[in-house]
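Structure at a glance
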Amino acid sequence: MNKYLIIPVFDRIEESLELARKYNLGFEFDDFFSPKILLDENKLIEKINKYLSLDLPDCLTVHGDFFDVNVFSDDPEIAAVSVKRIYQSMEVANTLKVNKIVFHSNINSYIQSDVYKDNWLNRNYEVFTKVCEQYPSITVLIENMFDDGPEMLLKL
């Protein structure tokens, strides 16, 4: 079922819920796309528990972390932290019982070398294949951000 989604405002959640009910809208949670929230366990748990205590719409997605996420980095430590943030986002989606999560491609369209593009494609494929295998009930969506066209997302 296709449905329009709104981004709920955490501090005004009752207004967001009322709007969703009135117009039969779903929610896309964007509270969790920043590493700041993923690093603050108390705030993370507080937000998740608040949402779980509510009568939420039936169509829900969550926006995964995308700031500085670079699974295709040649620096293995940066790549490892990026993968960690993806898995943290997946856990948030799983806990909220959300069946779709959005990540960004984070490709730099100014770099046109085949080596860069192949590395981006191979590392993303490797990481997200594992993620999808470990969370089969959650559909992973990759959203363009800096992409100059759909070619790389189509390849992925």
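Scroll up to find the structure.
Per the counting criterion, the structure on display carries ten aromatic pairs. Arranged with centres 6.4 Å apart and planes meeting at 70°, the rings of Phe32 and Tyr51 form a pair that is edge-to-face. Placement of Phe32 in the loop between β2 (26–29) and α2 (35–39) and of Tyr51 in helix α3 (residues 41–52) is noted, with a sequence separation of 19 residues between them. When its relative accessible area of 0% is taken as the criterion, Tyr51 is described as buried. Taking 5.1 Å as the distance between ring centres and 25° as the angle between the ring planes, the aromatic pair formed by Phe33 and Phe66 counts as stacked. On the criterion of sequence distance, the pair formed by Phe33 in the loop between β2 and α2 and Phe66 in the loop between β3 (60–63) and α4 (76–95) is long-range, its members being 33 residues apart.

Applying the stated criterion to the full structure yields one cavity of 30 Å³ or more. Approximately 70 Å³ is the volume attributed to the largest cavity. Residue lining of the largest cavity: 13 residues in total, with Val69, His104, Asn106, Asn124 and Phe128 positioned closest to the centre. Contributions of two or more residues to the lining of the largest cavity are made by β4 (100–104) and α5 (114–134).

Here we take up the sheet that holds β3. An order of β1-β2-β3-β4-β5 is seen for the five strands of this open sheet, with the pairing classed as parallel. Across the chains shown, the open sheet's two edge strands, defined by having one partner strand only, are β1 (5–6) and β5 (139–143). With five bridges joining them, β4 and β5 adopt parallel strand pairing. Residue pairing for β5: Ile101 is matched across the bridge by Val140.

What follows covers the pattern of salt bridges. Oppositely charged side chains may form a pair once their charged atoms are brought near each other. Counted by the stated rule, this structure contains four salt bridges. The partner of Asp58 in a salt bridge is Lys3, with the nearest N and O atoms 2.9 Å apart. On the criterion of sequence distance, the pair formed by Asp58 in the loop between α3 and β3 and Lys3 in the segment before β1 is long-range, its members being 55 residues apart. Look at Lys3 and you get buried, because its relative accessible area is 17%. Ionic pairing is found between Arg12 and Glu15, a salt bridge with its closest N-O pair at 3.0 Å. Judged by relative accessible area, Arg12 falls into the partly exposed class, the value being 48%.

Quick notes on the rules
Residues numbered from 1 in each chain as written. Predicted model: local features only at pLDDT ≥ 70, side-chain atom pairs only at ≥ 80, totals over all residues. Heavy atoms only, no water. Phe/Tyr/Trp six-rings, centres within 6.5 Å; stacked < 30°, edge-to-face > 60°. Helix = DSSP H or I, 4+ residues; strand = E, 2+ residues; numbered from the N terminus. Buried < 20%, exposed > 50% of the residue type's maximum accessible area, 1.4 Å probe, protein only. 1 Å grid on protein atoms, 1.4 Å probe; cavity = no way out; pocket = protein on both sides within 12 Å on 5 of 7 lines; lining within 4 Å. Points joined across faces, edges and corners; volume = space filled by probe spheres on them. Pairing = 2+ DSSP bridges. Salt bridge = Lys/Arg side-chain N within 4 Å of Asp/Glu carboxyl O.

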